[in-house]
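Chain and residue survey
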Amino acid sequence: MKSLEHIVFDILRHPETQSDPAFIAFIHKNPNHIMTLLKLVEHMQRHDQNLDQEHSQKLDQKSDEKLDQLHSQKLDEKHSQNALLIEPVSARVSPDTTSLNKAETLSSVAHQPTPSSSSLAGALDIAPESLAKKPLPQPTSSPQPALHVEQKLNTDPTQDVGLVQGLCHDQQAQMIDNVSVAIESDADLIPELSSINDPQPQGANMTSITPAPTYRFQVNNARVGQDYQAQIKVVYPEQAQIQFVADSFVFPEGLALRFDAENNRLHGTVALAQDSVFHFQFSTARQPEQILQGSCKISVIADPRSLWQINEPATESVFRKAHVDSQRIKHPQFNIVAASRRGRSHEHAGTFRDDDFSILNIAQSDWSVLCLADGAGSASYSREGARIAVENVRSLMQQFFNPAKLVELDQILAQWKIGNQGPHNNQLAQQIHAQFYQQYHLIYKTILEQIDVQALAMDCHAKQFSTTLLIAVLKHQAEQTFICTFSVGDGVIAAYSPQQIRLMNVADSGEFAGQTKFLDKSIQHDFANRIKMGYFNQIEALYLMTDGISDPKFETEQGLAEVEKWHALHQALAPIVKAEDAEQQLLEWMHFFKPGHHDDRSMIVLSDRSSAVEG
């Protein structure tokens, strides 16, 4: 059987008992009943001891009938006295009884001896190492005067208080700190059991417990793979003065952080995206000698790039297309490099690239044809619509630039005076415009006809093949460059020179962000306005790009007008298009990461071979 000291220690000092919500609620709600609990336990033990004694006496009587009769009578008298002392309490603490009769209880307790001052003090102030050595307190033979006892429970917060995520208790975080007890009589120690849940103390001098303040800490979020520096903030109580123990910090695996005591900061790197809790010790300015346990939660945000998956389209998909494509054309005066790659959104969804391109240099001439198409993401077969568009541009322009047409166009341009707005120049411009209008319109009609044929074969609407289209036809010479463009939808065509940026198309935008127009019959009424022409001096490069590149690089229409952004783009791409593996380097460059921009990316760059790029 456990001693009284063991039982009291288990109830009031054991961490598992202290963390029990019901016990915590009972102590804080009814602090005056601590002594009640102690007294009930004491009576239970005395009852058990007397029952053992009674059983032993009965055995002795039965085994030895020849004992002296007088001695037997004395034993019976002692047995009767003990039974009279214990019986009322035992009847009311049995497992089958849920309440006490107050009048009977107080009557029975009044006949019990009051424990001595030393025995009661020993029950209240317990050192763990003394539990096995201290004997069970024995009742005195006669009632004792009432006692007045003030004791303090010795509780080590570093041993008895568990770590709690994100907070730490102060000096009174242990279950009981200061206890002041006043005992007037034994009757005060055993109230009715029904009054245990009474939230109000029943005496002005009963036990008083003051709840301990709570400390809460906070740090900024970290990102995987990035340097991290942050201070530990005390969010409650406000303006609390905290001193951290520098060598007490314990971080979980994957959280390679250190505490810099000089700057009072955490710093390091993190490798895992997860919510973690680290632990530490600290003291307060109010009680610097007391070391408290603390903990704090830190959230580590994953690198967004690591969240993207690369999935293959279904094997039964029609109109299959390579995920990347590139091409390069070398000319004595210029280089043409084109590249197209599947966007991260398509990689993640396991769908095909919707963009397509074609580039063409007319043999034995300075004329070139550059074309980009961006299939509508909402259209099931837009990738095929984009392919149909660029293939028709290539084949029909190849037919257009026959030897006779090359001679005719070269003669017109030879008469064109750059910068001259006179009637003669306007007449020359109208002649060229008319020829390209007819050719662009032929391309437009041919593309729509072939899309209708495919839609009929697939038993779907032609809108399922929707695509944008950018075309640039140019004659690039050492000093002069003629450009004629056609466009429908978004994307950019721009002529670059260090002195000026010339936008050669007007992007179509819808009512809402991300909306645009596609190549269909609705553009017939303003077809002529979609053709732009210019004859310029000192053009170093011509850029065609789908919105997968123009949106993250320029963001808005106003951004397209910012010369600094174009200079930065040209500085980055000019060395790439001059490299021996220019098409591969351009594909790698286009794989840049920018949050919110994960569409297919396609670009064509014509760069003058004689131009130098300043580093």
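First, a word on scope: everything that follows refers to the structure included in this document. (Residues numbered from 1 in each chain as written. Predicted model: local features only at pLDDT ≥ 70, side-chain atom pairs only at ≥ 80, totals over all residues. Heavy atoms only, no water.)

1. What about the overall build of the protein?
Going by this rule: Segments assigned H or I by DSSP are reported as helices when at least four residues long, segments assigned E as strands when at least two residues long, and all are numbered from the N terminus. Throughout, exposure labels follow a simple rule: accessible area from a 1.4 Å probe, protein chains only, divided by the maximum for the residue type, with under 20% read as buried, over 50% as exposed, and the rest as partly exposed. Residues are treated as being in contact if the distance between any of their heavy atoms lies within 4.5 Å. To measure how exposed things are, a 1.4 Å probe is used in the Shrake-Rupley method; for residues, cover is taken only from the protein chains shown.
Looking only at helices and strands, one finds 17 helices and 23 strands in the protein. Of all 615 residues assigned to the protein, the portion counted as buried reaches 46%. Long-range contacts, defined as pairs at least 24 residues apart, comprise 71% of the intrachain contacts of the protein with a sequence gap of at least 6. Looking at the protein as shown, the accessible area adds up to about 31700 Å², and 50% of this sits on carbon and sulfur atoms.

2. Focus: the packing of aromatic side chains
We count it as follows: Classification of ring pairs uses Phe, Tyr and Trp, with its six-membered ring standing for Trp, and accepts pairs whose centres are within 6.5 Å; under 30 degrees between planes counts as stacked, over 60 as edge-to-face, and the remaining range as tilted.
Under the defined criterion, the tally for this structure stands at 33 aromatic pairs. Measuring from ring centre to ring centre gives 5.4 Å for F244 and F280, while their planes differ by 75°; the resulting arrangement is edge-to-face. One end of the pair, F244, is in strand β8 (residues 242-244); the other, F280, is in strand β11 (residues 275-284), with 36 residues separating them in the sequence. Residue F244 shares its accessibility class with F280, and that shared class is buried. Aromatic pair W367 and F401: ring centres 5.2 Å apart, planes at 40°, arrangement tilted.

3. As for the layout of surface pockets
As a reminder of what qualifies: For each structure, a 1 Å grid was placed over the protein atoms alone; sets of points admitting a 1.4 Å probe that cannot get out are labelled cavities, open sets with protein on both sides within 12 Å along at least five of seven lines are labelled pockets, and lining residues have an atom within 4 Å of a point. Grid points are joined across faces, edges and corners, and a volume is the space filled by probe spheres set on the points. Basically, the charged four are Asp, Glu, Lys and Arg, the nonpolar ten are Ala, Val, Leu, Ile, Met, Phe, Trp, Tyr, Cys and Pro, and anything else, Gly included, counts as polar.
Computed from the structure, the largest pocket encloses a volume of approximately 930 Å³. As for the largest pocket, its lining consists of 42 residues, of which D490, G491, Q515, D547 and D551 are closest to the centre. Where the lining of the largest pocket is concerned, the elements lending two or more residues are α14 (547-554) and α15 (557-560). Class assignment for the residues of the lining of the largest pocket results in eleven nonpolar, 19 polar and twelve charged.

4. Points about the sheet that holds strand β6 (residues 228-230)
Our working rule: Strand pairing is assigned whenever DSSP detects at least two bridges linking the two strands. Angles run from 0 to 180 degrees between N-to-C directions of axes, and those axes are lines fitted to C-alpha atoms, restricted for helices to the stretch in contact.
Taken in spatial order, the three strands of this open sheet run β6-β10-β9, and their pairing is antiparallel. Edge positions in the open sheet fall to β6 and β9 (255-260), since each of these has one partner strand only. Between one strand axis and the next, the sheet turns by 20° as a mean value, whatever way the strands run. In the sheet, β6 pairs with strand β10 (residues 265-270) via three bridges, with the strands oriented antiparallel. Bridging from a neighbouring strand, A230 pairs with L266 of β10.

5. A few points about α14
Most of α14 sits inside the fold, with six of its eight residues counted as buried. One or two steps after α14, the chain reaches E555, where phi turns positive at roughly 70°.

6. Re helix α17 (residues 582-589)
For the record, the criterion: Note: the arc covers the axis-to-C-beta directions of the helix.
Residues A582, L586, L587 and W589 constitute the buried set of α17. Looking straight down α17, one finds that the buried residues subtend no more than 160° of arc, so they occupy a single side.

7. Details of the sheet that holds strand β16 (residues 367-374)
With respect to topology, five strands assemble into an open sheet ordered β15-β16-β17-β18-β21, the strand pairing being antiparallel. Of all strands in the sheet, those bounded by a partner on one side alone are β15 (355-361) and β21 (531-537). With direction set aside, neighbouring strand axes in the sheet form an average angle of 10°. Note: strand β18 (residues 480-488) against β21, seven bridges, orientation antiparallel. Bridging from a neighbouring strand, C484 pairs with M533 of β21. Sitting on the sheet, helix α11 (residues 382-400) is in contact with β15, β16 and β17 (469-476), with an inclination near 10° to β15.

8. Description of the nonpolar core
Put simply, the rule reads: We call a set of buried Ala, Val, Leu, Ile, Met, Phe, Trp, Tyr and Cys residues a nonpolar core when their side-chain atoms join them within 4.5 Å.
By size, the foremost hydrophobic cluster in this structure holds 46 residues, and its most contacted members are W367, M397, F401, F436, Y440, L469 and F486. For this core, the secondary structure elements donating two or more residues are β16, α11, α12 (403-415), α13 (423-458), β17, β18 and β21. When residues of this core are assigned to their parent elements, the largest contribution, eleven residues, is made by α13. Apart from residues no more than four positions distant in its own chain, F486 is found in contact with Y440, L469, L470, I471, I493, L519, I523, F527, R530 and I531. Counting residues in each nonpolar core, the second largest holds 25 residues, with V337, A339, I501 and F592 among its members.

9. A word on the side chain of S550
Looking at the element boundaries, S550 is found in helix α14. By relative accessible area, which is 6% here, S550 ends up buried. In contact with S550, not counting residues within four places along its chain, are G491, V492, M545 and E555.

10. As for the pattern of salt bridges
Which entries qualify depends on this criterion: By convention in these notes, a salt bridge is any Lys or Arg side-chain nitrogen within 4 Å of a carboxyl oxygen on Asp or Glu.
In this structure the tally under the stated criterion is eleven salt bridges. One salt bridge connects R530 with D526, and the closest N-O pair in it is separated by 3.4 Å. Each of the two residues, R530 as well as D526, counts as buried. Here E555 and K594 are joined by a salt bridge, their closest N and O atoms 2.7 Å apart. Within this pair, whereas E555 is found in the loop between α14 and α15, its partner K594 is found in the loop between α17 and β23 (601-608), the two being separated by 39 residues in sequence.

11. Considering the pairing of β17
Of all eight residues in β17, eight are buried, a share of seventy percent or more. Burial along β17 is two-sided: L469, I471, V473 and K475 and L470, A472, L474 and H476, pointing in opposite directions, are all buried. Sheet topology note: the β16/β17 ladder contains six bridges and is antiparallel. Each bridged residue has a counterpart across the sheet, and for L370 the counterpart in β17 is A472. The pairing of β17 with β18 spans eight bridges and is classified as antiparallel. For L469, the partnering residue across the bridge sits in β18 and is V488. Taking the residues between adjacent antiparallel strands as the criterion, β17 and β18 are bridged by three residues.

12. Looking at the packing of helix α16 (residues 563-578) against α17
Packing of α16 against α17 leaves a shortest axis separation of 8 Å and a crossing angle of 145°. Facing α16, whose interface residues are L569, A572, L573, I576 and V577, α17 presents A582, Q585, L586 and W589. Split into classes, the residues belonging to the contact of α16 with α17 amount to eight nonpolar, one polar and no charged.

13. Some thoughts on the environment of A386
Turning to its location among the elements, A386 is positioned in helix α11. We classify A386 as buried; its relative accessible area is 0%. It is 8.3 Å that separates the C-alpha atoms of A386 and L372, two residues lying 14 residues apart in sequence. Not counting residues within four places of it along the chain, the set of residues in contact with A386 comprises D354, D356, A373, G375 and T467.

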